[in-house]
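Each chain, letter by letter, is given below.
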Amino acid sequence: SDDGKLSFDEFKAYFADGVLSGEELHELFHTIDTHNTDNLDTEELCDYFSKHLGGYENVLSVLEDLNITILKAMDKTKKDYQEASNLEQFVTRFLLKETLNQLQSLQSSLECAMETTEEQTRQERKDPTKPEVLSIQWPGKRLARRLQRNNSLSSNNPHSSTGWIEEDSQLMIQINRLQKLIDRLEKKDLKLEPLEEEVLEENARSHIMIVQRQMSVIEEKVEEFRLALKQYVESASAQGGCLHVSIQKLPSNFRFIVYEFWESSNAWNSHLQMNYSKAFQRSNVDFLETPELITTMLVPGKY
């Protein structure tokens, strides 16, 4: 609630990992609460986790330095890019893309490690007590965890509010809509090793491009970002190659996910060169805490 301390409900909403039970989370909460106030302050949290950092102390320190370095580079890019030559702009775009690729590779490794350790713990645990699950959707987490959270939250839990349920319902609507779209686009059975090659006409439009854009917005910039995002979505939706645009607002940390469906990769690339798209990317330098994460996927099928 932004009051500088965490109640148990807030603690559980943030730290529940789908493995620890409610009783174990409650015990951990009181272990950290050395002041015995039934609330955790920053000092108590820092004291507890500082004792358990181990090898991750250096990792977190490097990440903090990396975050500062990236923000400085982004700020310089914002100031210099428009006045740079075509060659200098190309080099800047390449460096941004390479930086993003490196960060995505690191993120994939971390996600794999997280899921492996969690799965291993679940297999080893013999305790039949039902675990508490995440109340916050972290980037890259499997959908099953979010669904599990909805099924396990009790009716008197303050985090199972109508707003959150509606957001999860909207997510399921989008997933169902995507499934129906894929079903319409791809009519044949999947063959990993087809007996015959599929010959496409030279200009055949046989794939659509699905784009996911994840953006973490600075709290003070949320309203400005919403306005810029609204203008961007309206402009993108009006493009001939755009099939659909959808926005998902996550319930924490001012995170937004934009899903875009384009007729082809060429349509997507042309869209990126449009003035409204470039203007949105430039404005995000001011609005976002970290560079946005863009994931693309080509889906076989004709439309």
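For clarity, every value in this text was computed on a predicted model and none was experimentally measured.

A look at helix H8 (residues 222-237)
- If you check H8, its first and last C-alpha atoms are 22 Å apart, about what 16 residues at 1.5 Å a residue would give, namely 22 Å.
- For H8, the full list of buried residues reads Val222, Phe225, Ala228, Leu229, Tyr232, Val233 and Ala236. For H8, the arc enclosing every buried residue in end-on projection is 135°, short of the 170-degree limit, so these residues lie on one face. Exposed positions of H8 whose direction lies more than 90 degrees from the buried face are Glu223 and Leu227.
- If you follow the buried residues of H8, they end up packed against strand E3 (207-216), strand E4 (242-249), strand E5 (255-262), helix H9 (265-272) and helix H10 (275-287).

Topic: the layout of surface pockets
- Each pocket or cavity is described by its volume, and for the second largest pocket that value is around 1800 Å³.
- Where the lining of the second largest pocket is concerned, the elements lending two or more residues are helix H4 (56-80), helix H5 (86-124), E3, H9, H10 and strand E6 (293-300).
- Sorting elements by how many residues they give to the lining of the second largest pocket places H5 first, with twelve residues.
- Composition of the lining of the second largest pocket by domain shows at least three residues from each of domain 2 (57-113) and domain 3 (207-300).

Topic: H10
- Relative to the 18 Å expected for 13 residues at 1.5 Å per residue, H10 spans 18 Å between its end C-alpha atoms, a close match to the ideal helical length.
- Every buried residue belonging to H10 is among Tyr276, Ser277, Phe280, Ser283, Asn284 and Phe287, and all of these are buried. Looking down the long axis of H10, one finds its buried residues gathered within 125° of arc, a one-sided arrangement.
- Packing partners of the buried residues in H10 comprise E3, H8, E5 and H9.

Overview of the packing of aromatic side chains
- Summed over all chains, the structure comprises twelve aromatic pairs.
- Aromatic pair phenylalanine 225 and phenylalanine 280: ring centres 6.2 Å apart, planes at 40°, arrangement tilted. Of this pair, phenylalanine 225 sits in helix H8 while phenylalanine 280 sits in helix H10, placing them 55 residues apart in sequence. Pair check on accessibility: phenylalanine 225 and phenylalanine 280 agree, each one buried.

Overview of the pattern of salt bridges
- Scanning all chains against the criterion turns up seven salt bridges.
- Note that lysine 230 and glutamate 234 form a salt bridge whose closest N and O atoms lie 2.7 Å from each other. Taken together, the residues span about one helical turn, with lysine 230 and glutamate 234 both in helix H8 at a distance of four residues.
- Taking relative accessible area as the criterion, lysine 230 reaches 49% and is therefore assigned partly exposed.

Digging into the confidence of the model for the protein
- Taken over all residues, the pLDDT of the protein has a mean of 77, while the share at 70 or more is 72%.
- Confidence, expressed as mean pLDDT per element, reaches its minimum in the protein at helix H6 (residues 143-152) with 42 and its maximum at H8 with 91.
- Low confidence marks residues 188-194, where pLDDT is under 50. Its contacts with residues over four positions away, or in another chain, come to one contact.

Considerations on the nonpolar core
- One finds Phe225, Leu229, Tyr232, Trp262 and Phe280 to be the most contacted residues of the largest nonpolar core, which totals 22 residues.
- Listing elements by their share of this core, those giving two or more residues are E3, H8, E4, E5, H9 and H10.
- Considering each element in turn, this core owes the most residues, seven residues, to H8.
- Not counting residues within four places of it along the chain, the set of residues in contact with tyrosine 232 comprises Arg213, Glu260, His271, Tyr276, Ser277 and Phe280.
- Within the second largest apolar cluster, eight residues are counted, among which are Ala16, Phe29, Leu40 and Leu45.

Criteria and cut-off values
Residues numbered from 1 in each chain as written. Predicted model: local features only at pLDDT ≥ 70, side-chain atom pairs only at ≥ 80, totals over all residues. Heavy atoms only, no water. Helix = DSSP H or I, 4+ residues; strand = E, 2+ residues; numbered from the N terminus. Expected span 1.5 Å × (residues − 1). Buried < 20%, exposed > 50% of the residue type's maximum accessible area, 1.4 Å probe, protein only. Arc of directions from axis to C-beta. Contact = heavy atoms within 4.5 Å. 1 Å grid on protein atoms, 1.4 Å probe; cavity = no way out; pocket = protein on both sides within 12 Å on 5 of 7 lines; lining within 4 Å. Points joined across faces, edges and corners; volume = space filled by probe spheres on them. Domains from an automatic or database assignment. Phe/Tyr/Trp six-rings, centres within 6.5 Å; stacked < 30°, edge-to-face > 60°. Salt bridge = Lys/Arg side-chain N within 4 Å of Asp/Glu carboxyl O. pLDDT = per-residue confidence, 0-100. Core = buried A, V, L, I, M, F, W, Y, C linked by side-chain atoms within 4.5 Å.

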